[in-house]
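Structural overview for review
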Amino acid sequence: MIIDQNENLTIITQENASVIELVKKIETLYPKFKNNNLIINLNTIKPISLEQIIEFLRLSNQHRAAKHSFVIVNEGINTDKTPEEIVIVPTLQEAKDIIEMEEMERDLGF
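Here is a short report on the structure shown in this document.

Scoring rules and cut-offs
- Residues numbered from 1 in each chain as written.
- Predicted model: local features only at pLDDT ≥ 70, side-chain atom pairs only at ≥ 80, totals over all residues.
- Heavy atoms only, no water.
- Buried < 20%, exposed > 50% of the residue type's maximum accessible area, 1.4 Å probe, protein only.
- Helix = DSSP H or I, 4+ residues; strand = E, 2+ residues; numbered from the N terminus.
- Pairing = 2+ DSSP bridges.
- Right-handed = clockwise from strand over helix to strand, strands pointing away.
- Contact = heavy atoms within 4.5 Å.
- Core = buried A, V, L, I, M, F, W, Y, C linked by side-chain atoms within 4.5 Å.

1. Quick look at the pairing of strand S2 (residues 9–13)
Here S2 lies mainly inside the structure; four of its five residues are buried. Sheet analysis places strand S1 (residues 2–6) next to S2, joined by five bridges and oriented antiparallel. The residue bridging glutamine 5 from the neighbouring strand is threonine 10, located in S2. In this fold, the crossover linking S2 to strand S3 (residues 37–41) by way of helix H1 (residues 19–33) has right-handed handedness.

2. Considering the side chain of asparagine 41
Within the element layout of this structure, asparagine 41 appears in strand S3. The buried category is assigned to asparagine 41, whose relative accessible area is 14%. Contact partners of asparagine 41, with chain neighbours within four places excluded, come to Ile12, Thr13, Gln14 and Val73.

3. Looking at the environment of serine 60
Relative to the elements of secondary structure, serine 60 occurs in helix H3 (residues 57–65). In this structure serine 60 comes out as buried when scored by relative accessible area, which is 0%. Here the alpha-carbon distance between serine 60 and leucine 38, two residues 22 residues apart in the chain, equals 9.2 Å. Those residues within four positions of serine 60 in sequence are excluded, and the remaining contacts are Phe70, Glu85 and Ile86.

4. Quick notes on the nonpolar core
With 20 residues, the main nonpolar core has Ile26, Ile40, Leu42, Ile53, Phe56 and Ile72 as its most contacted residues. Among the secondary structure elements, those contributing two or more residues to this core are H1, S3 and strand S4 (70–73). Of all the elements, H1 adds the most residues to this core, at six residues. Leu9, Ile11, Ile39 and Ile99 belong to the second-largest nonpolar core, a separate cluster that totals nine residues.

What follows is the structure, given as structure tokens:
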């Protein structure tokens with residue numbers, strides 16, 4: 001797991017751990033970046049299953065409830081089959097764009 005933090009954004013890139021191990025590591029280290037927007041880069045996992053994505057559901061819901069963005073990056077997942085509570089985009093740039101839009105919405109009180 002590679003963690004890249006700057007300002008209010010943390011990008012976590014999966015290396016060789018399984019998705020379940022990655023979720024457990026993120027939950028363990030969560031206090032370290034709980035006040036940042038999170039991008040989970042899973043582009044090293046191809047193909048990725050719906051079950052693997054759902055492992056992030058609880059963490060995503062918790063983070064979004066605290067008024068922070070949580071975005072997963074993976075270009076191999078069919079987003080039509082994923083839960084609406086999880087934001088998934090194919091590229092890192094799109095993830096950053098989503099976070100920027102969500103921050104504007106929060107600033108405007110949406």
